[in-house]
Structures are given as structure tokens and as C-alpha cells.
Amino acid sequence: MENCAGRAGIARTIKYHCLHLTLATGIVAASALVLPTLSVAGGEVNIYSYRQPELIQPLLDNFTAISGVETNVVFLNKGLVERVRSEGRNSPVDVILTVDIGRLDQAQAAGITQSVTSAVISNNIPVHYRDPAGHWFGVTTRARIVYASKDRVAQDAITYEELADPKWRGKICTRSGQHDYTIGLIASMIANLGAEKAEAWLTGVRANLARKPQGNDRAQAKAIFSGECDIALGNHYYVGQMITNEKEPEQKEWAAAIKVLFPNADGRGSHVNISGMAMAANAPNRDNALLLMNYLSSGPAQEIYASQVFEYPVKDGFSPVPLIADLGTLKADTLPIADIAKYRKAASEMVDRVGFNDGPSS
Ligand SMILES: [Fe+2]
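Sequence positions are assigned chain by chain, starting from 1 and proceeding in written order. A pLDDT threshold of at least 70 governs which residues receive local features in this predicted model, and a stricter bar of 80 or more applies before side-chain atom pairs are shown or counted, although totals over entire chains, interfaces and linings include all residues. Note that water and hydrogens are dropped before the side-chain values are worked out from all heavy atoms of the structure.

K.L.:
Would you mind showing me how to read the coordination of the iron ion here?
P.N.:
Geometry sets the ideal angles at a metal, namely 109.5 degrees for four tetrahedral donors and 90 or 180 degrees for six octahedral donors. Protein-derived ligands of the iron ion are Tyr 181 (OH), Tyr 237 (OH) and Tyr 238 (OH), with the metal-ligand distances lying across 2.0 to 2.1 Å. Keep in mind that water is not among the atoms, so a site may look incomplete; donors are the N, O and S atoms within 2.8 Å of the metal, or 3.2 Å for Na, K and Ca. Each donor residue of the iron ion belongs to the same chain, with the gaps between them written as Y-x55-Y-Y. Taken together, the positions of Tyr 181 in helix α6 (residues 180–193) and Tyr 238 in helix α9 (residues 237–243) put the pair 57 residues apart, joining distant regions of the chain. There is no split in this pair, since Tyr 181 and Tyr 238 are both buried. Starting at the N terminus, helices and strands are each numbered in turn, a helix being any DSSP run of H or I of at least four residues and a strand any DSSP run of E of at least two. For every residue, the accessible area (1.4 Å probe, protein chains only) is compared with the maximum for its type, and the residue is labelled buried under 20%, exposed over 50%, or partly exposed between those bounds.

Now the structure itself:
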């Protein structure tokens, strides 16, 4: 078998021949990958990523192995939008990888993304997980679930609406109402219930808080472990991260104290957000960027990505890792992620209006 990655210097036409040969001979299980005919500007693609390099490297290595295109990654934990803006037309970035519609929406609003039209992507990524105008695409999803005390919560099903029920008075923990993860959930409640009902709901949840919103999602599991609260909101993948945490093994105890409830499983499904990608507005290697995005949209690539971060592939027929599958069946709310983007501002204003971050009403 030929090693395409070792033929980086060869003529582009031969490289594409190599790509098809590789796929046809099945070296990489990428049957869903359909490669467009492209005239490629260069042999590389530049990525700015909010994801840790070690999480995306297996995926990028696989991409390079089948395409011969080298990847250069700049990891940023903040300031991506500001950086790209200040680089302006000379920005080297081709593809932006980040988490949460909040950040993708922020990138689009700042004018640092461009519209992408790709039949490959449209075929691979369900319509509710991508921007109608092609400025961003979800590759994997994360569910906003309920962590419930194994010892103190008897029920095995729940709805978001039920979190406002007075039976939970003084028993709910959550991170800040202004965090992107909470804003996404509240935006989905506005989209699903209407603003008025969503506000009454959020007021009810505030009344049920055990303490002022604080800490990250793992801190909520810890609070259940320590008995501070019985119910918490958290993203599903943190359960996987806690169960497997060898650096801080006490997190295994936090995870052992909770059971996972997928809210609204018998109704519209659980709220999900996305980890996604966007093409940079001034991408200098546009054709390779499209090649990478087409690759990332494929089911097998989604599976590799999802396995690194304990998330769910967006394409039907592809699965999360067994550890996550064992948490239970995710029925995802199919509310378009674009609708969540649309209601984020209203959600943020609602958080302030109901005094959510002030904690439980006295
Ligand atoms: Fe997170």
C-alpha cells in the first residue's frame, strides 16, 4: 500500500489519485468521505483551535494520512476572535475549531468567518446542526443533562420544566447563568416554550437553587457528592472525564455519587449544543480548508473526534465511545442550533432580569 503522507511533494493530480486509491483500498474506514475535485493552493491548512491539541491531533493525523495536506494548529484558550480580527486580511487561519454555538456565533458576528457551500457537508451534517448560511457547522454534540444524587433522588426520568417544581426547593446546583452552556439551555427553553413561559421557568429554577450559581460543571457533581445539593445541570462529557480521571482520582467519587438523567427523553429530547468548525473569512488555503472541513464532516472523522472528547457524532449511524453509550440513550432535541444562537441575547437578559446569579430567593 502506498503511504500518501510520504508523498507530499508529488504533483497534485497524483496526490488525488492517491487519495482515491487509499479510500478505495480501505486503509482508512472513511466510506462516507467523498472528495471534491479541487485545485489546491498549497500543501497545508492552518487551524486555530479552542480544543486542546492532543484532543484533535489523532483526527488531523488521519486527515494528513489520507490527503497529504499538512496541518498547522494554533491552540488558543481565549481571544481567538480578537486575534483573527487584529490579523485582518493577512490572517493565516483557514479553519476555526471551537465549542459551543456561543463562540461560533460570536465568530460569525465578528465577521471572521465565511460562508461555505458543500454537498459533502450538507450530506453529512443534519440541517439542524449547521448555519443556514454556511458560516458554521456542528461536528459533534454535547448534551446538557441532569446529574442526580444516586442516594437522594429516586426518580429515573426528569424534564427541564420540572426543575422549576417547588419539590426541588433548595436542592439544585448549577454554574453561572451567564455561562455559554447555561445560556444555550435557556435559549432553547425560549425557543421551545416562548419567552414568557421560559422566564417563569427560570424564576422557578432560581427559587430552587441550593446556593448561588458557581463553579464549573464538575463542581456541581462534587456538590452532590458532598451533600450540598441533590440535582445539578451539567454537560454529559464531564461524566466521562470524571470517571476516567487518573490525575484527580477523587473525581471518580464525584461521578460515582451521581446518576445521569437525560431530560425530556419522553418528549422533545435533551438540549444539545455543538462542537463545530467554521472557515475563516480570509482563509489563504481555501481549497485545503474545504478539504479538511469535508473530511471533518464525515461520519468516521466525527467518530474519531467524538471518541477523544466523549461527545456524540452528529451523523446518524455513528456512535459515541462505549463509556458514553453506557450512560443511556440520548434523544436529542432537534431544535435548530441556529435558533439557540438567535435567542442567546434574550436568554442573557433574562438571567439578569430574574436575578438568577444572585442565588435562591430569600
Ligand atoms: Fe466544557
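The rest of the description comes next.
K.L.:
I keep staring at the environment of Gln 251 and nothing clicks. Help me out?
P.N.:
With respect to the element layout, Gln 251 can be found in helix α10 (residues 250–257). Given a relative accessible area of 5%, Gln 251 falls into the buried group. The spatial distance from the C-alpha of Gln 251 to the C-alpha of Ala 221 is 8.6 Å, given a sequence separation of 30 residues. Once residues lying within four places of it in the same chain are set aside, the contact partners of Gln 251 are Arg 218, Met 242 and Asn 245. The contact criterion used throughout is that any non-hydrogen atoms of two residues lie within 4.5 Å.

K.L.:
Would you mind showing me how to read the pairing of strand β7 (residues 231–235) here?
P.N.:
It is a general feature of regular strands that their side chains alternate between the two faces of the sheet. In terms of residue burial, β7 counts as a mostly covered element, since five of its five residues are buried. Whether two strands pair depends on DSSP finding at least two bridges between them. Pairing between strand β5 (residues 137–149) and β7: five bridges, direction antiparallel. Residue pairing in the sheet places Arg 144 in a bridge with Asn 235 of β7. One ladder, built from two bridges, connects strand β6 (residues 172–173) with β7; its direction is parallel. Following the sheet pairing, Ile 172 is matched in β7 by Ile 231.

K.L.:
Honestly, the packing of helix α11 (residues 286–297) against helix α12 (residues 299–309) in this entry has me stumped. Any pointers?
P.N.:
The description of two packed helices rests on the angle between their axes and on the distance between the axes. Where α11 contacts α12, the axes come no closer than 5 Å and their chain directions differ by 75°. With respect to α12, the axis of α11 lies roughly perpendicular. Residue-level contacts link Tyr 295, Leu 296 and Ser 297 of α11 to Gly 299, Ala 301, Gln 302 and Ile 304 of α12. For this classification, the nonpolar set comprises Ala, Val, Leu, Ile, Met, Phe, Trp, Tyr, Cys and Pro, the charged set comprises Asp, Glu, Lys and Arg, and every other residue, Gly included, is treated as polar. Each residue belonging to the contact of α11 with α12 can be placed in one class, and the counts come to four nonpolar, three polar and no charged. Structural elements are reduced to axes, namely lines fitted to C-alpha atoms, with helices fitted over the stretch in contact, and the angle between N-to-C directions of any two is expressed from 0 to 180 degrees. Should an angle fall under 35 degrees it is taken as roughly parallel, and over 145 as roughly antiparallel, whereas 65 to 115 is taken as roughly perpendicular and any remaining angle as oblique.

K.L.:
Just checking my understanding: could you explain the pattern of salt bridges for this structure?
P.N.:
Two side chains of opposite charge can pair, provided their charged atoms sit close to one another. Here, a salt bridge means any Lys or Arg side-chain nitrogen found within 4 Å of an Asp or Glu carboxyl oxygen. Going through the model one piece at a time under the given rule, you end up with 17 salt bridges. The salt bridge partner of Lys 171 is Asp 230, with a shortest N-O separation of 4.0 Å. With Lys 171 in the loop between β5 and β6 and Asp 230 in the loop between α8 (217–225) and β7, the pair connects residues that are 59 residues apart, well separated along the chain. With relative accessibility at 8%, the residue Asp 230 sits in the buried group. Each member of the salt-bridge network shares a partner with another, and the members are Arg 51, Arg 142 and Glu 311.

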